[in-house]
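# Fold and geometry: a report
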Amino acid sequence: DAAGVIAAVAECGGADLLVLGTRGRGVFKHLMVGSVAERVLRDVQCPVLTVGSHALPRLSDREVFQSILFATDFGHACISAVQLAISLAADCAARLTLLHTVPTMSAVDLGYGYAAASASDLVAYEKCAKSESLKRLKELVPANSGLCSPPEFVTDTSLLPEGILEAAKLRNADLIVMGANRTKHPRLASHIPWSVV
């Protein structure tokens, strides 16, 4: 049980940061085998840095991180994750972007069928949701954050996780910071193929 051993060693050793490589298995393998990295990050107390197989090694002498993207769903893990993102951005003099992807409106939200939903209903919903999301993003950054430049606040209606990846690509992000909520069943959570993490 690789995930259990890694989590136990990290906890016993009092790790401040756990660094894991990840393969990024396809949907079928993820469903069958699960993700060791995802199980670990939902089980340990310390931050987990996962490095995917497509990440390029840093060979220059520039600052480690120049652009950091913090993506949030405003869940329980958001507060500690945003504090980490702000701290890293301040320490590295990096640009910080905070992103929340607004869920699309469903027929349940409308209270009636899709056929009856007008374009103005959808536009009004999206405008209101983005406004509320922007307000919540701004509340995450204290006035005395120590950032070298004002953070960028972005609300979007893209699908997840593609929207996060596109935002990272557009901003040339060196690091994506996300909170992953702990769960009583990390083994089960690591097999869900549609997980944003």
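Please read these numbers as outputs of a predicted model, since none were measured by experiment.

What follows concerns the side chain of Ser-133. Considering the arrangement of structural elements, one finds Ser-133 in helix 6 (residues 119-139). A residue is classified by how much of its surface remains accessible, and Ser-133, at 3% relative accessible area, is buried.

Moving on, we come to the nonpolar core. Residues Ile-68, Phe-70, Leu-96, Leu-98, Leu-140 and Val-177 are the most contacted members of the largest nonpolar core, which totals 20 residues. When contributions to this core are tallied by element, the ones reaching two or more residues are strand 3 (67-72), helix 4 (78-92), strand 4 (95-101) and strand 6 (175-178). In terms of residue count, helix 4 provides more of this core than any other element does, seven residues in total. Setting aside residues up to four positions removed in sequence, Leu-98 forms contacts with Phe-70, Val-82, Leu-137, Leu-140, Val-141, Pro-151, Glu-152, Phe-153 and Val-154. Grouped together as the second largest cluster of nonpolar side chains are nine residues, Ala-3, Ala-7, Val-40 and Val-44 included.

Quick look at helix 6 now. If you check helix 6, its first and last C-alpha atoms are 30 Å apart, about what 21 residues at 1.5 Å a residue would give, namely 30 Å. Listed as buried for helix 6 are Ala-129, Ser-133 and Leu-137. Along the long axis of helix 6, the arc covered by the buried residues comes to 75°, so they all point the same way. Of the exposed residues in helix 6, the ones pointing more than 90 degrees away from its buried face are Ser-120, Val-123, Lys-127, Cys-128 and Glu-139. Those residues of helix 6 that are buried are in contact with strand 3, strand 4 and strand 5 (152-156).

Right, let's talk about the sheet that holds strand 6 for a bit. Working definition: the strands of a sheet are paired by backbone hydrogen bonds and lie parallel or antiparallel to each other. With respect to topology, four strands assemble into an open sheet ordered 5-4-3-6, the strand pairing being parallel. Two strands in the sheet have a free side with no partner beyond their single neighbour: strand 5 and strand 6. Mean inter-strand twist for the sheet, computed between neighbouring axes without regard to direction, equals 25°. Strand direction decides the pairing type here: strand 3 and strand 4, joined by six bridges, are parallel. Bridge pairing in strand 4 places Leu-69 opposite Thr-97. Relative to the sheet, helix 4 contacts strand 3, strand 4 and strand 6, its axis offset from that of strand 3 by approximately 170°. Across the face of the sheet, helix 7 (residues 162-170) comes into contact with strand 3, strand 4 and strand 6 while running at roughly 160° to strand 3.

Bringing the packing of aromatic side chains into the picture now. Any aromatic ring pair is given by two values, namely how distant the centres are and how the planes are angled relative to each other. In the structure shown here, the tally under the stated rule is zero aromatic pairs. The cationic tip of Arg-136 hangs over the ring face of Phe-74; the distance from NZ or CZ to the ring centre is 4.1 Å.

Before going further, it helps to spend a moment on a nonpolar patch on the surface. Taken together, the side chains of Leu-17, Val-19 and Val-51 make up a nonpolar region of the molecular surface, amounting to roughly 240 Å² of accessible area. Following the sequence through the fold, Val-51 ends up in strand 2 (residues 48-52).

You can see Gln-66 is positioned in the loop between strand 2 and strand 3. Judged by its relative accessible area of 37%, Gln-66 is partly exposed. Considering only alpha carbons, one finds Gln-66 and Ala-173, 107 residues apart in sequence, at a separation of 7.4 Å.

The next thing to look at is the confidence of the model for the protein chain. In the predicted model, the protein chain carries a mean pLDDT of 81, and 75% of its residues have values of at least 70. pLDDT under 50 marks residues 27-33. Its contacts with residues more than four places away, or in other chains, come to 14 contacts.

Moving on, we get to helix 7. Considered for burial, the residues of helix 7 that qualify are Gly-163, Ile-164, Ala-167 and Ala-168. Down the axis of helix 7, the sector holding all buried residues measures 135°, keeping them to one side. Away from its buried face by more than 90 degrees, helix 7 exposes Leu-165, Lys-169 and Leu-170.

The rules we used
- Residues numbered from 1 in each chain as written.
- Predicted model: local features only at pLDDT ≥ 70, side-chain atom pairs only at ≥ 80, totals over all residues.
- Heavy atoms only, no water.
- Helix = DSSP H or I, 4+ residues; strand = E, 2+ residues; numbered from the N terminus.
- Buried < 20%, exposed > 50% of the residue type's maximum accessible area, 1.4 Å probe, protein only.
- Core = buried A, V, L, I, M, F, W, Y, C linked by side-chain atoms within 4.5 Å.
- Contact = heavy atoms within 4.5 Å.
- Expected span 1.5 Å × (residues − 1).
- Arc of directions from axis to C-beta.
- Pairing = 2+ DSSP bridges.
- Axes fitted to C-alpha atoms, helices over the stretch in contact; angles between N-to-C directions.
- Phe/Tyr/Trp six-rings, centres within 6.5 Å; stacked < 30°, edge-to-face > 60°.
- Lys NZ or Arg CZ within 6 Å of the ring centre and 35° of its normal.
- Patch = residues over 30% accessible without salt bridge, like charges linked within 9 Å, V, L, I, M, F, W, Y side chains within 5 Å.
- Areas by Shrake-Rupley, 256 points an atom, 1.4 Å probe, with all protein chains shown as cover.
- Salt bridge = Lys/Arg side-chain N within 4 Å of Asp/Glu carboxyl O.
- pLDDT = per-residue confidence, 0-100.

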